[in-house]
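Breakdown of the fold
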Amino acid sequence: MSLNEPFESVPTANDHPDQVISLSQALMAPRIAIEDTQPVLDGGAFAAKAISNQPVSVSTKVFTDGHDRMAVVLNWCQAGSRRIHCVPMTSPGNDLWLAEFTPTEIGPHVFSIEAWIDPYATYCYDLEKKFNAGVGVKLELEEGRLLLGKGIELSSGALREQLQSLQATLQTLPEDEQVALLLGAEASQMMAAAEHRSYLTRSCNYPLDVDRPAAQFASWYELFPRSITDDPQRHGTFNDVHQRLPMIRDMGFDVLYFPPIHPIGMQHRKGRNNSLQAQPGDPGSPYAIGSADGGHDAIHPELGTREDFRRLVSAAAQHGLEIALDFAIQCSQDHPWLQEHPGWFSWRPDGTIRYAENPPKKYQDIVNVDFYAPDAVPGLWIALRDVIIGWVEEGVKTFRVDNPHTKPLPFWQWLIANVRSRYPDVLFLAEAFTKPAMMARLGKVGYAQSYTYFTWRNTKQELSEYFETLNQPPWSQCYRPNFFVNTPDINPFFLQQNGRAGFLIRAALATMGSGLWGMYSGFELCEAAGLPGKEEYLDSEKYEIRPRDFTQPGNIIAEIAQLNRIRRQNPALQSHLGLTLLNCWNDNILYFAKRTPARDNYILIAVSLDPHNAQEAHFELPLWELGLDDGAETHGEDLMNGHRWSWYGKTQFMRIEPWHQPFGIWRISKVS
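Residues numbered from 1 in each chain as written. Predicted model: local features only at pLDDT ≥ 70, side-chain atom pairs only at ≥ 80, totals over all residues. Heavy atoms only, no water.

Turning next to the UniProt feature "domain: Glycosyl hydrolase family 13 catalytic" (unreviewed entry) in the chain. Here the UniProt feature "domain: Glycosyl hydrolase family 13 catalytic" (unreviewed entry) sits at residues 222–567. Each end of residues 222–567 is marked by a C-alpha atom, and these two atoms are 19 Å apart; helix forms 32% of the span and strand 12%. (UniProt positions renumbered as here; feature names shortened; annotations may be inferred. Helix = DSSP H or I, 4+ residues; strand = E, 2+ residues; numbered from the N terminus.)

Below, the structure is given as structure tokens:
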């Protein structure tokens, strides 16, 4: 093997502990070690996540035997592209090498690390040390001329001529000027270009999935189109939703999400409050998908026509709103697929179909498909893919997926990759409340966002631990949390019990804690009535039409609008990353910072977790992160009301009164 050929990975004793590495294997093994490269998920089995036009920071450990200097570069490109970008890596020491790159296109990318021993850099390192120490360097200068000669042999054209000129100039100079010339940047650059890359070693290609910015920063608003009406006896339509668009936009939302909009089955239709017997006129649950009017590719007739839907998508876009649809892979017992493809479903020994259950809960109005039934592969998989493609072609680019953790992971990995190979701007949100490993794995197989445990994190310790977890690998590389404060399925006890202040607390935590957050219609009105002892809504909108007066007293519309405005104006708040917990000596106050990597946008957030009592505390300003001493003056600005002041010193005092505002959001800056 030539020394300038890249070393491939070869088996070692560590790969097979029961085997001894052979001499031929040892001679072929890389002399340079490349380890602990980040961001990498499961050794490169899955793609880490990134956002277009945002820097991707790459780190790696690179080292070799002896004291030779090394060159390390980061190579990256779009997957399948022949245009490879090369970025030199720098080392702060201790074998750590760093670089960053900024992908501008969305879709799959790859990156790799290359390293080689750099004889000329090694020579310069030794020459400089000896010369500065006053040691004679006559022999070293001769070695430098020989290295230049090798560079000339390895180069051609203009580079060869430049090196020849450098060599000729060298012979006319006194010793100190020869040293300066050999150590100069021009000589180093020319020799780097001529270098044959001794012991070149290359890592494998690591995948990176680059999404559009909405995958990381978006504010979701959920509503049932059928409830946009002033009469519970009149079914709302897509055309009725138009009147809500300006208010949703003015609250600062940019994603308008609908539960399923498809025909609703009649068999076993659920009545109000999930009762087993529907009464005449009960609209049923939109999650019981399918009737004689069609299935997942059809629209419930009472909502309007396909042309009505297209007009709504267009009108929403004119208001800066993107329509997101629910993708729920379940069927009513009236779904056309049961007649057309009975082999896609599970049947019981008595010939009846197996409906959905989560004991003790029963969902008689829906049945689930069987992904691995003999008749379902591959027809069912392709049909579900085609459902998504059909709605994408209607202008929908974001899908909230119902209970994805109950469907096969290989299906999601295939479907998401297949759809995004055609439409790379499509995003999928996982509505998954399950074990951590599964929630992380859904992110790895392609989900851009996910519901979270945030809904049930209330104490300072719980929130602190959760925020820290989300900001550390592997979660920070595979999982983007969407902090929904409520859903049609979840009416948290905290909201049921704590009034308007409770709603403001959860809104502040969600909007400041993550770049992604969402709320279900009625949250802005502080709707809290629940079924006794359950985190469910009384008179759930899933089973009835529910008109609302969105101007009723006590609402928090203005506060939500300002929170969203603050998010848009401050880049530090447009991701869940960049969060640091700070010292505040009161267990009822969560105090943290969100900041950009350059620290040019630095936001402090203090949220009282007590919705009933005033809370006071001393707290620390993070002056050390701004490069200031403990007694420095800084400027503060209250982003909710615009008030400005100066802070003096590191330790400050706060008082939060929940009947006024149970949180503070302050921008801190240096005194110019």
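Now that the structure has been shown, the text picks up again.
As a further point, take the sheet that holds strand 3 (residues 56–63). The strand order 1-3-7-6 describes an open sheet built from 4 strands, whose pairing is antiparallel. Each end of this open sheet is capped by a strand with a single partner; those strands are strand 1 (33–38) and strand 6 (90–93). Taken over all neighbouring pairs, the strand axes of this sheet differ in orientation by 30° on average, direction set aside. Both strand 6 and strand 7 (residues 96–101) contribute to a ladder of 2 bridges, which runs antiparallel. Of the residues in strand 7, the one forming a bridge with G93 is L96. (Pairing = 2+ DSSP bridges. Axes fitted to C-alpha atoms, helices over the stretch in contact; angles between N-to-C directions.)

Low pLDDT marks regions whose predicted coordinates should not be analysed in detail. Per-residue pLDDT for the chain averages 94, and the proportion of residues at 70 or more is 97%. Counting contacts from residues 1–5, a segment whose pLDDT is below 50, to residues more than four positions away or on other chains yields 11 contacts. Counting interchain partners and residues more than four positions distant, the pLDDT-below-50 stretch residues 7–13 has 22 contacts. (pLDDT = per-residue confidence, 0-100. Contact = heavy atoms within 4.5 Å.)

Turning our eyes to something else, we now look at the environment of G636. Following the sequence through the fold, G636 ends up in strand 25 (residues 633–638). Here the alpha-carbon distance between G636 and D209, two residues 427 residues apart in the chain, equals 38 Å. Residues contacting G636, with those up to four places away along its chain left out, are H643, R644, W645, W647 and R667.

In this structure, F258, F309, W412, F428 and I665 are the most contacted members of the largest nonpolar core, which totals 132 residues. In contact with W412, other than residues within four places in its own chain, are F327, I329, V401, P404, K407, L442, V445 and Y447. (Core = buried A, V, L, I, M, F, W, Y, C linked by side-chain atoms within 4.5 Å. Buried < 20%, exposed > 50% of the residue type's maximum accessible area, 1.4 Å probe, protein only.)

A word on helix 18 (residues 557–569). Each full turn of the α-helix corresponds to 3.6 residues, which orients residues three or four apart in the same direction. Compared with the 18 Å implied by 1.5 Å per residue over 13 residues, the 18 Å span of helix 18 between its first and last C-alpha is a close match. Along helix 18, the positions that sit buried rather than exposed are I557, I560, A561, Q562, L563, N564, I566 and R567. On the buried face of helix 18, the contacting elements are strand 11 (218–222), helix 8 (245–250), helix 17 (499–513), strand 20 (516–520) and strand 28 (663–670). (Expected span 1.5 Å × (residues − 1).)

We now examine the sheet that holds strand 16 (residues 398–402). Note on sheets: strands pair through backbone hydrogen bonds, and any given pair is parallel or antiparallel. The strand order across the open sheet formed by 8 strands is 18-17-16-13-12-11-20-19, and the pairing between neighbours is parallel. Each having just a single partner strand, strand 18 (449–450) and strand 19 (482–484) make up the two edges of the open sheet. Where strand 13 (residues 322–327) lies against strand 16, 4 bridges are found, and the strand directions are parallel. In the sheet register, F327 faces strand 16, and the bridge partner there is V401.

Our next topic: empty space enclosed by the protein. Summed over all chains, the structure comprises 4 cavities of 30 Å³ or more. In this structure, the largest cavity encloses a volume near 110 Å³. Along its surface, the largest cavity is lined by F224, P225, R226, H235, P259, P260, I261, H262, I264, P286, H300 and L303. Classifying every residue of the lining of the largest cavity gives 8 nonpolar, 3 polar and 1 charged. (1 Å grid on protein atoms, 1.4 Å probe; cavity = no way out; pocket = protein on both sides within 12 Å on 5 of 7 lines; lining within 4 Å. Points joined across faces, edges and corners; volume = space filled by probe spheres on them. Nonpolar A, V, L, I, M, F, W, Y, C, P; charged D, E, K, R; others polar.)

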